[in-house]
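Close look at the chain arrangement
Residue-level listing of the chains:
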Amino acid sequence: MKHATKLAAISSLALALGIATAPAFAQGELVGTDALDERIDDIEESVAEDIARSEDSSRFGNPEYREGLSGSASLSYTGKTGNNESQELALGARMRYAAGKFVHNIGLAIEFTDEEGTPTKEDVFGVYDANYYIDDSFYVFALGRVKTDGLADVSADPANTYATDAYLGVGPGYRIFNTPEMTWRVQAGIGVSYLKDGLDNEVTETGYLAASRFFYKFNEDIFLTNDTDILKSDTALRANNDLGVNFKMTDVYSTRVSYLTEYNDSRAIRTDNKLGIALVFGF
């Protein structure tokens, strides 16, 4: 699906509202139409990200990327003063560098939120993934990830809130299928897992990683993806599975239905499930 098509639906509505309220800016602020425009933009971005995430060729597609450096970055800031004061900063970036059979991927997400002078979110999440393709099917990888929560020490449950969750591992990978209609690759590795909670307790241990990436294209308008990640260490067994079906029924209608399962056997309630539906409709 083209990015423009994904956004056509809600963009049309947002544009219509924008034209309707443009001659009366003050009135738009007062009755809330401009605030609605902003909320529609937020929903539009969320829907586009959810759908585009499943089309990420670095996770599902062929390794034949364009040579050199490519990527994207986004920055968002909002600030509010008056009866209530708040600030929100979000930064996201993806970079890829391909040189022959060697492909490097870097992802970064930063989110800071402050309300009435009190920080309410300080999250940083970064991933470095390097893949070297021996042939069209076999490759080796090195993966480093780190996730930090700057407010873990002041959370309601600091003993079970990770200030730092990091992993560094290496291993082999294999593409079982690699066609335009279906791709499936699996990989497994060994590495080091590092955890630090909000009370500054630290654990460094061996971590074993297994992952699967599956993509199936039913036709030009419908495709399915399934992501599975499993990390085993002495502290916990953690697993995520994200199943999604994406539809583009017409030029003005597209949707993604997903089901995310997160498992952690160190928690009292081990499994969290989330059903997601992203819809775009234009007229």
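The coordinates are above.
Notes on the structure follow. The structure presented is a predicted model; accordingly, all values stated were derived computationally and were not measured.

Before going further, it helps to spend a moment on the overall build of the chain. Of the regular secondary structure elements, the chain holds four helices and twelve strands. Residues classed as buried in the chain amount to 34% of the 283 residues present. A separation threshold of at least 6 residues defines the contact pool for the chain, and within that pool the share at least 24 residues apart is 47%.

Here the focus is the pairing of strand β3 (residues 102–115). Across 14 bridges, the pairing between strand β2 (residues 86–99) and β3 is antiparallel. By the bridge assignment, Tyr97 is partnered in β3 with His104. Count of turn residues in the β2/β3 antiparallel hairpin: two residues, of which Gly100 carries a positive phi of about 65°. Taking the residues that link successive antiparallel strands as the turn, the β3-strand β4 (residues 118–133) hairpin has two residues, and the phi of Glu116 there is positive, at about 55°.

Time to look at a nonpolar patch on the surface. Where nonpolar side chains cluster on the molecular surface, the patch consists of Phe102, Tyr132, Ile134, Phe138, Val140, Tyr174, Ile176 and Phe177 and spans about 660 Å² of accessible area. For the nonpolar patch, the elements supplying multiple residues, two or more each, are β5 (138–149) and β6 (162–178). Per element, the largest residue contribution to the nonpolar patch is three residues, and it comes from β6. With respect to the secondary-structure elements, Phe102 resides in strand β3.

A separate point is the pairing of β6. Sheet topology places β5 next to β6; eleven bridges connect them, and they run antiparallel. Residue Tyr139 lies in a different strand from β6, and its bridge partner there is Gly173. Between β6 and strand β7 (residues 182–197), which pair antiparallel one after the other, the connecting turn spans three residues.

On to the nonpolar core, then. Of all hydrophobic cores here, the largest spans nine residues; its members are Ala98, Val103, Tyr133, Tyr139, Phe141, Leu143, Tyr167, Leu209 and Leu231. In this view, Tyr167 contacts Leu143, Gly144, Arg145, Gly189, Ile190, Gly191, Val192, Ser193, Gly207, Tyr208, Leu209 and Leu231; residues no more than four positions away in its chain are not counted.

What follows is about the packing of aromatic side chains. The full count for this structure, using the stated rule, is six aromatic pairs. On the numbers, 5.7 Å between centres and 90° between planes, the contact of Phe102 with Tyr132 is edge-to-face. Note that Phe102 is positioned in strand β3 and Tyr132 in strand β4, a separation of 30 residues in sequence. Residue classification places Phe102 among the partly exposed positions, given a relative accessible area of 35%. With a relative accessible area of 36%, Tyr132 lands in the partly exposed category. Ring plane angle 40° and centroid distance 5.4 Å describe the contact between Tyr133 and Tyr139, whose orientation is recorded as tilted. One cation-aromatic arrangement involves Lys147 over Phe125; the distance from NZ or CZ to the ring centre is 5.6 Å.

Right, let's get into the pattern of salt bridges. Per the stated rule, a full pass over the model turns up seven salt bridges. Where Arg145 meets Asp165, a salt bridge forms, and the shortest distance between an N and an O atom there is 3.4 Å. In this pair, Arg145 is assigned in strand β5 and Asp165 in strand β6, connecting sequence segments 20 residues apart. Judged by its relative accessible area of 22%, Arg145 is partly exposed. Put simply, Asp229 and Arg213 hold a salt bridge, and the shortest N to O gap is 2.9 Å.

Bringing the environment of Phe125 into the picture now. Mapping Phe125 onto the fold places it in strand β4. Each C-alpha atom of the pair Phe125 and Glu111 lies 8.9 Å from the other, and the pair is 14 residues apart in sequence. In this view, Phe125 contacts Gly107, Leu108, Ala109, Arg145, Val146 and Lys147; residues no more than four positions away in its chain are not counted.

Thresholds applied
Residues numbered from 1 in each chain as written. Predicted model: local features only at pLDDT ≥ 70, side-chain atom pairs only at ≥ 80, totals over all residues. Heavy atoms only, no water. Helix = DSSP H or I, 4+ residues; strand = E, 2+ residues; numbered from the N terminus. Buried < 20%, exposed > 50% of the residue type's maximum accessible area, 1.4 Å probe, protein only. Contact = heavy atoms within 4.5 Å. Pairing = 2+ DSSP bridges. Patch = residues over 30% accessible without salt bridge, like charges linked within 9 Å, V, L, I, M, F, W, Y side chains within 5 Å. Areas by Shrake-Rupley, 256 points an atom, 1.4 Å probe, with all protein chains shown as cover. Salt bridge = Lys/Arg side-chain N within 4 Å of Asp/Glu carboxyl O. Core = buried A, V, L, I, M, F, W, Y, C linked by side-chain atoms within 4.5 Å. Phe/Tyr/Trp six-rings, centres within 6.5 Å; stacked < 30°, edge-to-face > 60°. Lys NZ or Arg CZ within 6 Å of the ring centre and 35° of its normal.

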